[in-house]
Amino acid sequence: VPLEETSIPLFYGWFLVPAVQEKVRCTSMDFLKTLDTLEAFKKHLTDFTGEAEKEVDLEQYFSANSGLHCTTKYCDYGKAEGAKEYAEQTVVKEQYCSASELSLNALFVTPRTVGARVSLTENQLTLWPSDAEKEAESLVPTAASLPAGSRAHVTLGCADGVEPVQTGYDLLEILALQQEGLTGELVEEMELGSLAYFGKGRWLLSLREPISAKACFSSYYG
Ligand code: 2AM
């Protein structure tokens, strides 16, 4: 097998440096710890438990993700559509192993996932696949009409049996609602920022101060 056919990774992305991973994990824990004690959250508890008057410990509910990163292109070792084309792009080769600051400007929670929204810079968008949002269309019908980079996120945790790929779909779903003009029900001003509820267990915390996360553009082979 020629080398170029074996050298395509599982995925490309920005990998948060260890100290920043720690900080983001702590912020996420703080948020989950507070969220499940709020009256507003308890009011919608059945979104998570399926039954009334059951408690939920969100920190236990989600298995924390390790190796925090923001995926740009999922390649599946070359089997994913457009993987080879992505890997061959000059910009991908040029920026490989370069450092970058990711801006995490919101945290979101659904009954499936918890994640951080990433707001990409113009330069970071050059590494973003043009079909990343469109690819989600079967699950989020209006995804393709959202701006490029809308799907960018860091998966922080998943509920039992949920794959990390779900986190981006959950984010797009919330953004699609916002695009339709829904602002979400403003629930509470928290220390970290303002919390809004979008129905069906979807919570969005817009951070008062975005987290600037140092990361390295690289790839993961597994
Ligand atoms: P994530 O980016 O939401 O965390 C390995 O599975 C990594 O590739 C995970 O980080 C995962 O999700 C991402 N991933 C898996 N399948 C994907 C897909 N079809 N599209 C985009 N990203 C995917």
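Everything discussed here concerns the structure shown above.
As a starting point, this report considers the structure included with it. Owing to the predicted nature of the structure, the values given are computational and were not obtained by experimental measurement.

Looking at the overall build of the protein
- A tally of regular secondary structure across the protein gives nine helices and nine strands.
- For 222 residues, the compact-globule formula gives about 17 Å, and the C-alpha radius of gyration of the protein, at 18 Å, lands near that figure.
- Restricting the contact set of the protein to residue pairs at least 6 apart, pairs at least 24 apart contribute 70%.
- Approximately 11300 Å² of the protein is accessible, and the part contributed by carbon and sulfur atoms is 51%.

A few points about the site of the ligand
- Close to the ligand lie Phe11, His69, Thr71, Tyr74, Arg151, His153, Thr155, Pro164 and Val165, which account for all nearby residues.
- Residue Arg151 places a side-chain N or O atom 3.4 Å away from a nitrogen atom belonging to the ligand.
- Thr155 is positioned such that a nitrogen or oxygen atom in its side chain is 2.8 Å from an oxygen atom of the ligand.
- The fraction of the free accessible surface of the ligand (470 Å²) that becomes covered by protein chains is 79%.
- Of the residues belonging to the shell around the ligand, the class tally is four nonpolar, four polar and one charged.

Notes on the environment of Thr71
- Tracing the backbone through its elements, the reader meets Thr71 in strand β3 (residues 69-74).
- Given the relative accessible area of 25%, Thr71 is considered partly exposed.
- Taking the C-alpha atoms as reference points, Thr71 and Tyr12, 59 residues apart in sequence, are found 5.9 Å from one another.
- When near neighbours in sequence (up to four residues on either side) are disregarded, Thr71 contacts Phe11, Tyr12, Gly13, Trp128 and His153.
- Engagement of the side chain of Thr71 in a polar contact is seen with the side chain of His69, the distance being 3.2 Å.

Side note on the packing of aromatic side chains
- Considering all chains together, one arrives at twelve aromatic pairs under this definition.
- When the ring of Phe11 is compared with that of Phe15, the centres are 5.8 Å apart and the planes differ by 20°; the resulting orientation is stacked.
- What makes Phe11 buried here is its relative accessible area of 9%.
- Among the residues examined, Phe15 registers a relative accessible area of 18% and is labelled buried.
- In textbook terms, an aromatic cluster arises when at least three aromatic residues are bridged by ring pairs, as seen for Phe41, Phe48, Tyr61, Phe62, Tyr197 and Trp203.

A short note on the nonpolar core
- The biggest cluster of nonpolar side chains holds 52 residues, and the ones touching the most others in it are Leu102 and Trp203.
- A per-element tally of this core places strand β9 (residues 203-220) first, with seven residues.
- Judged by nonpolar contacts, the second largest core, of 16 residues, contains Phe108, Leu146, Leu171 and Ala176.

Scoring rules and cut-offs
- Residues numbered from 1 in each chain as written.
- Predicted model: local features only at pLDDT ≥ 70, side-chain atom pairs only at ≥ 80, totals over all residues.
- Heavy atoms only, no water.
- Helix = DSSP H or I, 4+ residues; strand = E, 2+ residues; numbered from the N terminus.
- Rg over C-alpha atoms; globule rule 2.2 N^0.38 Å.
- Contact = heavy atoms within 4.5 Å.
- Areas by Shrake-Rupley, 256 points an atom, 1.4 Å probe, with all protein chains shown as cover.
- Near = heavy atom within 4 Å.
- Polar contact = N/O pair within 3.5 Å; in protein donor to acceptor, adjacent residues only side chain to side chain.
- Nonpolar A, V, L, I, M, F, W, Y, C, P; charged D, E, K, R; others polar.
- Buried < 20%, exposed > 50% of the residue type's maximum accessible area, 1.4 Å probe, protein only.
- Phe/Tyr/Trp six-rings, centres within 6.5 Å; stacked < 30°, edge-to-face > 60°.
- Core = buried A, V, L, I, M, F, W, Y, C linked by side-chain atoms within 4.5 Å.

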